Amino acid sequence: MSLLTVGSVAFDAIETPFGKTDKIIGGAATYIALASAFYNNDQKIVSVVGEDFPNEMLEELKKRNVDLEGLQIKKGEKTFFWSGKYHNDMNSRDTLVTELNVLEHFDPIIPASYQGVDYLMLGNLSPQVQRQVIERLTERPKLIAMDTMNFWMDIAMDDLIETIKLIDVLIINDEEARQLSGEYSLVKASKIIRAMGPKYLIIKKGEHGALLFHNENMFYAPALPLAEVFDPTGAGDTFAGGFMGYIASTDDISFDNMKRAIINGSALASFCVEEFGTERLKKINNKDLEERIEEFVALTNFDMEQVIS
Ligand code: AMP
């Protein structure tokens, strides 16, 4: 199936307890596309970079058959820049710098060849742009998933609420779910958020896995316990990319298939954190992914023959 990813393509500077990077390539759409490229879809991107963005990552994406017709390169402008510092537990971080640059006045032009796309993944970006993309698609995709972050809740909550009304699956972390709903309990928060529009809600809990809510159903997938977590940047986007890549390639939006999609997303995210930035994702292959999915299955599988009576 075809899958359109929208989101930032960026420069990041990251500080973790294990080290610090200068400007490296990041961005929500970058991680999403690298992850979803593991699945057999016709992949497209709508995003924007400045003239300063190196060709290297664009070549990596082309190598993975990602169609870059919808990626605008703005002459004389600078690429979006984000810098973050992780706390010792690696589960929380502070944003140090967000320079919107090209994202500030981004007009998401949808190439004619993208119309009729089957699935839409709205990665982290201004909620107004996310909404414009939905509105500019002549046919509604079979499933629209969306990620966002506290930054947009702080500066564009009204816009965010308007966009959330139009989507099917919202993918956010626990802190963001609490901020969006004003409710600490994630079960209560999930009800409040789903009443805002999305029928499905995925709450990511970092090293504690992810929860999926739909109607009265709930599913929980753990994260794989890893000996070393080097840099969590992009893990959430990688998760979303794996989730939507799997859903689109199987063309099945049932709750049961979403469970499998979450395991795929979690497996890919577990690679992402093992090295700085996109390094690990660029190195792994299908076999690595299959083996890790088996580890997930082994982690959560058990027999229960005797039931207490
Ligand atoms: P994650 O760790 O999955 O939350 O995503 C990290 C990525 O999100 C980084 O590569 C950043 O470039 C990107 N990012 C950070 N802040 C924003 C923002 N306000 N809008 C869009 N992308 C962002």
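Residues numbered from 1 in each chain as written. Predicted model: local features only at pLDDT ≥ 70, side-chain atom pairs only at ≥ 80, totals over all residues. Heavy atoms only, no water.

Draft legend 1. Main features of the overall build of the chain. Regarding its fold elements, the chain presents 10 helices and 14 strands. Relative to a compact globule of 309 residues, whose C-alpha radius of gyration would be 19 Å, the chain shows 18 Å and is just as compact. Judged by the C-alpha coordinates and their principal axes, the chain covers about 70 × 45 × 40 Å. Per-residue burial over the chain gives 54% buried out of 309 residues. About 13,900 Å² of surface is accessible on the chain, with carbon and sulfur atoms providing 48% of the total. Here the chain contributes 30 positively and 48 negatively charged side chains, and the mean placements of these two sets differ by 2 Å. (Helix = DSSP H or I, 4+ residues; strand = E, 2+ residues; numbered from the N terminus. Rg over C-alpha atoms; globule rule 2.2 N^0.38 Å. Buried < 20%, exposed > 50% of the residue type's maximum accessible area, 1.4 Å probe, protein only. Areas by Shrake-Rupley, 256 points an atom, 1.4 Å probe, with all protein chains shown as cover. Lys, Arg positive; Asp, Glu negative; His and termini not counted. Charge placed at Lys NZ, Arg CZ, Asp CG, Glu CD.)

Draft legend 2. Structural detail: the packing of aromatic side chains. Counted according to the given criterion, the structure contains five aromatic pairs. Ring geometry for F11 versus F53: centroids 5.6 Å apart, planes at 40 degrees, classification tilted. Taken together, the residues F11 in strand β2 (residues 10–16) and F53 in the loop between β5 (42–50) and α2 (55–63) connect sequence positions 42 residues apart. Judged by its relative accessible area of 10%, F11 falls in the buried class. The ring of F81 carries the charged tip of K23 above its face, separated from the ring centre by 5.2 Å. (Phe/Tyr/Trp six-rings, centres within 6.5 Å; stacked < 30°, edge-to-face > 60°. Lys NZ or Arg CZ within 6 Å of the ring centre and 35° of its normal.)

Draft legend 3. Broad picture of a nonpolar patch on the surface. Together, F302, M304 and V307 give the surface a local cluster of nonpolar side chains, amounting to about 390 Å² of exposed area. Structurally, M304 can be placed in the segment after α10 (286–300). Note on M304: relative accessible area 60%, which makes it exposed. (Patch = residues over 30% accessible without salt bridge, like charges linked within 9 Å, V, L, I, M, F, W, Y side chains within 5 Å. Salt bridge = Lys/Arg side-chain N within 4 Å of Asp/Glu carboxyl O.)

Draft legend 4. View of the side chain of S266. Within the element layout of this structure, S266 appears in helix α8 (residues 255–272). Residues within four places of S266 in sequence aside, it is in contact with P222, F239 and F296. (Contact = heavy atoms within 4.5 Å.)

Draft legend 5. Looking closely at the packing of helix α3 (residues 127–136) against helix α4 (residues 150–164). In the contact formed by α3 and α4, the axes pass within 8 Å of each other and the chain directions differ by 20 degrees. Classified by the angle between their axes, α3 and α4 sit roughly parallel to one another. Residues P127, Q128, Q130 and R131 of α3 lie in contact with α4, whose contacting residues are W152, A156, D159, L160, E162 and T163. In terms of residue class, the contact of α3 with α4 is made up of four nonpolar, three polar and three charged. (Axes fitted to C-alpha atoms, helices over the stretch in contact; angles between N-to-C directions. Parallel < 35°, antiparallel > 145°, perpendicular 65-115°, else oblique. Nonpolar A, V, L, I, M, F, W, Y, C, P; charged D, E, K, R; others polar.)

Draft legend 6. Main features of the sheet that holds β5. Taken in spatial order, the nine strands of this open sheet run β6-β5-β1-β9-β10-β11-β12-β13-β14, and their pairing is mixed. The open sheet has two free edges, formed respectively by β6 (66–74) and β14 (217–221), since each of these has just one partner strand. Put simply, the sheet's adjacent strands are angled 15 degrees from each other on average, direction ignored. Examined bridge by bridge, strand β1 (residues 2–6) and strand β9 (residues 119–122) share four bridges and lie parallel to one another. (Pairing = 2+ DSSP bridges.)

Draft legend 7. Quick look at the nonpolar core. Within the largest apolar cluster, 60 residues are counted, with the highest numbers of intra-cluster contacts made by V169, I171, I202, F243, M244 and I262. For this core, the leading source of residues is α8, giving 10 residues. Among all residues touching I262, those that are not within four sequence positions of it are I202, A210, L212, F219, A221, F239 and F243. (Core = buried A, V, L, I, M, F, W, Y, C linked by side-chain atoms within 4.5 Å.)

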